[in-house]
Amino acid sequence: MPRDNVASSDGAYPGPHWTHMATRGLLTAGLQEVLLEEGASTTSINSIFEIAEAPDLQAPLPNARISKIMDEAQAKYGNRPFWPMVADLEDVVVPTSDRLLVLAQLSRILQSEEGLEAMLRPRALMAIDGALDGVAFKWTFEKALVPGLKVVDMTSKNYGPRTLMAADLANCNAEGKSRGSRSEWNDVLATRNPVVLRVLPGERVPQSLKLCGAKRVQLPSPDQATAIWMMCVIFADADPQELARAVQQLPGDQALASVTTEDLLAAFRSATPEDVVAALNMACMPRSSSKGLKLNELVGYGQAKGAALEIVDDLAAWGRGELSWEDVCRGVIFHGPPGVGKTTLARAMASQHDLNFVSTSYADMQKNGHLGDMLKAMDLAFRDAVANRPSILFIDEISAFSSRSGGGGSLASYDQKVIAGLLEKLDGIEDREGVVVIGACNDLEALDPAVRRAGRFDREIHIGLPQIEEIPQIFRQHLRGDLATSDLHEIAVHALGKSGAECAGAVRNARRAARHKKRPLLEEDLARELGAYGGAWPKDFLTSTACHEAGHAIVAVALDIGTPLSIRITQNGGVCTTDRKVRLETKKYLHQQRTLDLAGRAAERLMLGSISTGSGGSSASDIALATRRIIDEELSSGLGSSGPLYYGPAPNISVAGLSSELQAMLRQRLLDAEEDAFSILRVNRRLLGDMTRDLVSDKILIGGKLDAFLSQVVKE
């Protein structure tokens with residue numbers, strides 16, 4: 001026989017165990033099915049159960065057979081569990097497992113017939129937190145617990161005194177918006193009938209629910225007693241010893257509490273008690289809620305990794321009850337160029353302590369287009385995170401929630417409502433407890449300032465491109481044992497200025513090339529995919545490129561605004577990777593930056609007597625960068641001749657839209673910067689020639705050789 005003290009370590013119960021009422025409901029519903037199969041009418045069934053016709057609801061008086069079974073159970077078991085296998089179920093129709101589960105859950109909430117009667121009193125209001133199946137809920141009350149009772153939705157107008165009203169908080173519009181002439185929430189508060197309010201995880205409960213004396217309960221999670229009771233019903237004809245052996249192998253209450261309703265019902269589809277228990281044990285096996293590397297296994301994130309580790313350690317400590325939520329960072333924004341691994345870092349934070357990870361984005365929420373659909377998708381994402389806390393809610397490309405200060409337009413109203421919806425979710429202090437929200441974006445300045453406010457996002461962490469010392473470790477992670485004896489530091493030089501995603505892509509492409517050639521992966525395969533020079537350029541092209549990049553390096557050192565790390569000639573052009581120093585941005589410093597931007601163009605003019613297109617042509621070119629710097633100085637930062645005047649962010653200002661006077665001013669400042677670079681390089685002309693020849697020959701300058709050259713720079 002199953003154990004009778006599952007619900008308490010000492011076998012003591014303060015009142016009738018819930019299994020008594022659940023079994024009475026089971027027998028009541030089962031006997032009704034038998035009578036209906038024999039042709040009895042609903043009216044005759046109601047009379048059999050002696051349902052009172054009083055205006056106030058009350059639990060039914062069971063017929064003689066059920067009364068005898070329950071009296072005997074009370075006498076024998078008292079307040080201990082009553083397993084229905086001891087009852088004669090041969091002629092009772094057994095309901096489906098989903099109905100059994102809800103009957104058990106509601107019986108656990110009500111505990112006794114007295115609890116049921118209290119729930120059915122006039123104006124009684126009970127709020128049940130949890131995903132409660134509506135069909136099984138209706139069956140439980142109408143067929144099992146109170147035959148003759150009607151359960152109707154709050155929206156129905158067809159109900160009488162013997163009616164239990166069922167309402168979903170999501171449909172009650174508790175915010176006060178009208179449904180016709182009145183709020184459905186007002187209907188809940190005004191009706192004399194008893195009401196059961198179903199509250200889904202993450203939904204905000206209105207203050208008026210607390211004021212009206214409502215009883216709020218949590219839908220119970222599965223436990224051993226529930227599993228045993230359901231097994232005794234479903235396998236009533238099984239060998240008692242076989243059933244008892246299976247029960248002894250059930251997972252504990254804590255493990256069963258993690259089993260979802262879907263997994264529980266799937267387990268009870270099994271053919272034998274042993275199979276049910278095996279399925280439940282499988283459902284309780286630990287499973288990672290997030291995939292990929294753990295945070296402490298990541299490389300290439302600099303200080304961002306340490307900050308992320310602090311946040312996730314605090315969240316895990318809150319989950320263990322060791323830290324107050326008031327001391328946990330509520331949210332963080334990761335920002336930086338594309339491909340640096342913002343999503344990977346967020347996933348790794350969840351993996352570090354096996355936390356739940358919910359991922360969404362503006363585009364994912366907005367895919368159905370309608371504002372209501374987007375706000376609903378946003379609500380579902382937050383609700384999912386809250387229901388499985390401690391958790392991390394990741395919102396990718398959060399800068400798509402653009403600033404409301406960007407002006408009008410046909411979509412301004414839509415954007416304002418969307419941002420207002422996001423702010424409401426971020427401000428849900430009580431509802432958000434246990435959920436750290438992580439936003440990721442490339443352009444932090446495009447994000448609405450209200451979203452960035454402390455309390456919504458407490459920290460903003462920049463994730464930059466990986467440093468030269470980190471790149472070999474990134475390659476090792478993606479190579480998974482290939483090129484084990486190779487010195488990846490030499491190959492890493494070709495990846496300077498590339499993101500972690502670009503490094504991973506290069507490894508995949510190199511593997512594919514080697515695979516198609518039916519040979520192992522070689523160093524040159526990876527170097528080629530990283531853009532290492534392949535020997536196909538004419539000499540004048542090589543010379544111009546080498547001179548251009550050497551000019552950048554010399555001017556950076558001469559002005560003391562950066563440290564060149566490498567100079568390379570690649571398949572796609574030249575690259576001078578420079579670690580620029582952080583300085584106070586004064587007019588002088590901004591001019592020096594422009595001078596560095598145009599140093600390559602000045603070097604070509606000095607050494608070759610002509611200028612190539614290498615400085616322009618794209619939005620990322622030297623000329624484009626220098627132009628944006630002047631626009632920012634003049635029209636955004638308040639450092640130009642226009643004084644403290646703000647036109648908007650520099651990237652949004654078009655040169656073509658400026659006045660002819662401003663265009664002339666821009667042109668002159670660019671010419672001044674190029675002339676200053678030309679003057680610096682003229683003093684260092686011999687060094688510029690030596691570096692150019694070396695680059696043409698070796699295609700790369702790095703380390704000690706580069707340092708030796710740059711130590712000869714004559715500074716400004």
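In this text the structure is predicted, and so the values were computed from the model without any measurement. (Residues numbered from 1 in each chain as written. Predicted model: local features only at pLDDT ≥ 70, side-chain atom pairs only at ≥ 80, totals over all residues. Heavy atoms only, no water.)

(A) Representation of unusual backbone geometry within the structure. Here Arg-389 and Pro-390 are connected by a cis peptide whose omega angle stands at 0 degrees. Relative to the helices and strands, Pro-390 is located in the loop between helix 18 (371-387) and strand 8 (391-396). Positive phi, normally seen in glycine, also occurs at Arg-123, with a value near 65 degrees. Of note, Arg-123 is situated in the loop between helix 5 (113-119) and strand 1 (125-129). (Helix = DSSP H or I, 4+ residues; strand = E, 2+ residues; numbered from the N terminus.)

(B) Expanded view of the packing of helix 26 (residues 599-608) against helix 29 (residues 685-698). Packing of helix 26 against helix 29 leaves a shortest axis separation of 11 Å and a crossing angle of 95 degrees. Judged by the inter-axis angle, helix 26 sits roughly perpendicular to helix 29. Touching Ala-603, Leu-606 and Met-607 of helix 26 are Arg-685, Leu-688 and Gly-689, all from helix 29. Split by residue class, the contact of helix 26 with helix 29 holds four nonpolar, one polar and one charged. (Axes fitted to C-alpha atoms, helices over the stretch in contact; angles between N-to-C directions. Parallel < 35°, antiparallel > 145°, perpendicular 65-115°, else oblique. Contact = heavy atoms within 4.5 Å. Nonpolar A, V, L, I, M, F, W, Y, C, P; charged D, E, K, R; others polar.)

(C) Local environment of the pairing of strand 4 (residues 195-199). Counting buried positions along strand 4 yields five of five residues, so the element is predominantly enclosed. Alternating positions in strand 4 separate into two faces, Val-195, Leu-197 and Val-199 on one and Val-196 and Arg-198 on the other, with burial throughout. Here strand 1 runs beside strand 4; their pairing, made up of five bridges, is parallel. In the strand pairing of strand 4, Ile-128 is matched with Arg-198. Pairing analysis gives four bridges linking strand 3 (residues 163-168) to strand 4, with the strands arranged parallel. Looking at strand 4, one finds that Asp-168 is bridged to Arg-198. (Buried < 20%, exposed > 50% of the residue type's maximum accessible area, 1.4 Å probe, protein only. Pairing = 2+ DSSP bridges.)

(D) Broad picture of the pattern of salt bridges. A full pass over the atoms with the stated rule returns 30 salt bridges. Of the charged contacts in the structure, one is a salt bridge between Asp-560 and Lys-581, with a shortest N-O distance of 2.5 Å. Taken together, the residues Asp-560 in the loop between helix 24 (539-558) and strand 11 (562-570) and Lys-581 in the loop between strand 12 (573-580) and helix 25 (587-597) connect sequence positions 21 residues apart. With a relative accessible area of 31%, Lys-581 lands in the partly exposed category. Connected via shared salt-bridge partners are Lys-587, Arg-594, Glu-633, Glu-634 and Arg-669. (Salt bridge = Lys/Arg side-chain N within 4 Å of Asp/Glu carboxyl O.)

(E) Layout of the side chain of Thr-545. Tracing the backbone shows Thr-545 in helix 24. When residues no more than four places from it in sequence are discounted, the contact partners of Thr-545 are Trp-537, Ile-569, Gly-573 and Gly-574.

(F) Representation of the packing of aromatic side chains within the structure. Inspection of the entire model under this criterion finds four aromatic pairs. Their ring planes at 65 degrees and their centres at 5.8 Å tell us that Trp-318 and Trp-325 sit as a pair that is edge-to-face. We note that Trp-318, like Trp-325, is buried. Judged by centre distance (6.1 Å) and plane angle (25 degrees), the ring pair of Phe-357 and Phe-394 falls under stacked. (Phe/Tyr/Trp six-rings, centres within 6.5 Å; stacked < 30°, edge-to-face > 60°.)

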